Amino acid sequence: MFEGGSSIYTATRKAYPRLWRIWYRINQRCKNNELYYEDVKVSDNYNIDISGEQGFLNFVEDFADTHQEDLTIDRIDPKGHYEFSNMRWADR
């Protein structure tokens, strides 16, 4: 759906600023080995270092339709990775 260059990424980032912050933060938590995230990985599909801008576009494609401002991204298995089958929107 979102295959394309930086212009699509930029437009999508502007359209979904909260989703971009969530996506970026999950990547940073895992990359920086923050407390509780030492063994947690971001799937290649969303990984900023592997997929680059396309990682965000994939994240939006998978999660934008169910996103609500009052919800946060949650791992179903708290010891599992950030991958589509282990993520959902949940209230705080």
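Residues numbered from 1 in each chain as written. Predicted model: local features only at pLDDT ≥ 70, side-chain atom pairs only at ≥ 80, totals over all residues. Heavy atoms only, no water.

### What about the confidence of the model for the protein chain?
Here comes step 1: Overall, the predicted model of the protein chain reaches an average pLDDT of 92, with 95% of residues at or above 70.
Here comes step 2: Across the protein chain, the secondary-structure element scoring lowest on mean pLDDT is helix 1 (residues 6–15), at 94, and the one scoring highest is helix 4 (residues 53–63), at 98. (pLDDT = per-residue confidence, 0-100. Helix = DSSP H or I, 4+ residues; strand = E, 2+ residues; numbered from the N terminus.)

### Quick word on the pattern of salt bridges
Here comes step 1: One pass over the structure, following the stated rule, counts three salt bridges.
Here comes step 2: Arg 18 is paired through a salt bridge with Glu 69; the nearest N and O atoms lie 3.8 Å apart. In this pair, Arg 18 is assigned in helix 2 (residues 17–31) and Glu 69 in the loop between helix 4 and strand 1 (72–75), connecting sequence segments 51 residues apart.
Here comes step 3: Under the relative-accessibility criterion, Glu 69 is labelled exposed at 58%.
Here comes step 4: With a shortest N-O distance of 2.9 Å, Arg 88 and Asp 74 are connected by a salt bridge. Residue Arg 88 is found in strand 2 (residues 87–90), and its partner Asp 74 is found in strand 1; the two are separated by 14 residues along the sequence.
Here comes step 5: Judged by its relative accessible area of 24%, Asp 74 falls in the partly exposed class. (Salt bridge = Lys/Arg side-chain N within 4 Å of Asp/Glu carboxyl O. Buried < 20%, exposed > 50% of the residue type's maximum accessible area, 1.4 Å probe, protein only.)

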